[in-house]
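# Tertiary structure, described
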Amino acid sequence: MKPHFISKLPDVGTTIFTEMSVLSAKHQSINLGQGFPDFGMDDKLISLTTDAMRQGHNQYTHMNGLLALRQQIANKVNELYHHHINPEDEITVTPGGTYALYTALTTILQPGDEVILFEPAYDSYIPNIEINGAIAVPLSLTFPDYRIDWNLVKSSVNNKTKAIIINSPHNPSGVLLQKEDLVALKEILKDKNIFIISDEVYEHLVFDGQSHLSMLQDPELYARSFVCFSFGKVYHCTGWKMGYCIAPTDLMKEFRKVHQYNCFCCNTPVQYALANFLSNKDHYLQLGSLLQQKRDFFYDQMKNTRFKALPSMGSYFQLYSYEGISKKNEKDFAIELTETYGVTAIPVSAFYKKPVNNKVLRFCFAKKESTLLAAAGRLKKV
Ligand code: PMP
Ligand code: GLN
């Protein structure tokens, strides 16, 4: 008999990022879809990694991450968010931010639990919830300013709600949580058995003099949070798949039970290199201005097209409306842009469970100026 199984994710196909990158490669288009830089990473970090390999750091590290790296992360958090975390008990190094989010959800979810999240939502959230037998409760952000409707959150919380996923700076909109959002969040969660999964992978990519508000800054919010980060976004090395999760000791203890039998530990030489490189604060402190310049450069070029920019306050991304340009839905229009005009973007509808068509596409501006210039040149013809 041929063995058979019941799919745990019957509604899931291939992610939009892979789909559009494959289409882009097929048509040799300029890929402003999937979020990754096309410029090089710091050579020093590469040298530190090869040095670590040559020095023989090629065996397993501690399952929770190299302590020297966790110490550097704790120092950074202390400085940026004025929060003393214990590197022994509150930090685990993970193979990327997505893994940290998945592990956090798997740590706390029981079948039938509900998790509130906001759409448009990064595409791993719902499958990560559903694979645990839990129920995703997607709430729409307001359009076109992509803010959280806290009254809607309040009315969606019930005794099955186990967690709420927060993502700021937000992918795909580039919108940032504001102080009043944290006040509302705190008020709603007060006295409730609800965890926060906080996706802060774009913490440094914040523009126009604004600051990133982290769950780590507020003791009451942190007490119920798993805060997830990615080195890929900080050091322009998304393919390294390195990140970490920070959570209070009792939550982290349980997180590590899931982690230890899933990947056990992360890439050793890279951890040695990151531990060394993290002491250079300039790199991550200058990231916001570097990406802001790219956002502004692309924005200026896009003024010569018929696309209309929506505000981006952070992340790698800016949304552009094609209202008045095409009647096609977002996915079909994104395919047309790739096939006919040679530029790839991501349809924002892919970040929703239900069908939506706001006629907006997400463009990744974490690219060389020459790439952005060439892409905008092609988009002028649309
Ligand atoms: N969260 C968001 C919002 C993202 O855009 C990404 C993509 N990098 C991740 C998490 C995952 O990061 P990583 O590549 O480190 O898994
Ligand atoms: N975070 C990236 C994006 O939003 C993609 C990551 C991935 O391809 N899984 O484009």
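### What about the packing of aromatic side chains?
Scanning the model with the defined rule gives 22 aromatic pairs in all. Ring geometry for Phe307 and Phe363: centres 6.0 Å apart, planes at 85°, overall edge-to-face. Remark: Phe363 occurs in strand β13 (residues 360–364) and Phe307 occurs in the loop between α13 (287–302) and β9 (308–309); sequence separation between them is 56 residues. Assessed through its relative accessible area of 0%, Phe363 is described here as buried. Within the aromatic cluster, the residues linked to one another by ring pairs are Phe298, Phe307, Tyr320, Tyr322, Phe333 and Phe363.

### Description of empty space enclosed by the protein
All told, the structure shown has one cavity of 30 Å³ or more when counted by the stated rule. Estimates place the volume of the largest cavity at around 170 Å³. Along the wall of the largest cavity there are 18 residues; nearest its centre are Leu141, Ile148, Asn167, His170 and Leu177. At three residues, strand β5 (residues 161–167) tops the list of elements feeding residues into the lining of the largest cavity.

### Structural notes on the pattern of salt bridges
Under the defined criterion, the tally for this structure stands at 14 salt bridges. Glu19 is paired through a salt bridge with Lys331; the nearest N and O atoms lie 2.8 Å apart. Here Lys331 lies in helix α14 (residues 330–341) and Glu19 lies in helix α1 (residues 16–27), a separation of 312 residues in the sequence. What makes Lys331 partly exposed here is its relative accessible area of 29%. When the shortest N-O distance is used, the salt bridge between Asp113 and Lys162 registers 2.9 Å. Of this pair, Asp113 sits in the loop between α4 (97–108) and β3 (114–119) while Lys162 is found in strand β5, placing the two residues 49 residues apart along the sequence. With respect to burial, Asp113 and Lys162 carry one shared label: buried. Taken together, the salt bridges that share partners define one network made up of Lys186, Asp218 and Glu220.

Conventions used here
Residues numbered from 1 in each chain as written. Chains lettered and ligands numbered in written order. Predicted model: local features only at pLDDT ≥ 70, side-chain atom pairs only at ≥ 80, totals over all residues. Heavy atoms only, no water. Phe/Tyr/Trp six-rings, centres within 6.5 Å; stacked < 30°, edge-to-face > 60°. Helix = DSSP H or I, 4+ residues; strand = E, 2+ residues; numbered from the N terminus. Buried < 20%, exposed > 50% of the residue type's maximum accessible area, 1.4 Å probe, protein only. 1 Å grid on protein atoms, 1.4 Å probe; cavity = no way out; pocket = protein on both sides within 12 Å on 5 of 7 lines; lining within 4 Å. Points joined across faces, edges and corners; volume = space filled by probe spheres on them. Salt bridge = Lys/Arg side-chain N within 4 Å of Asp/Glu carboxyl O.

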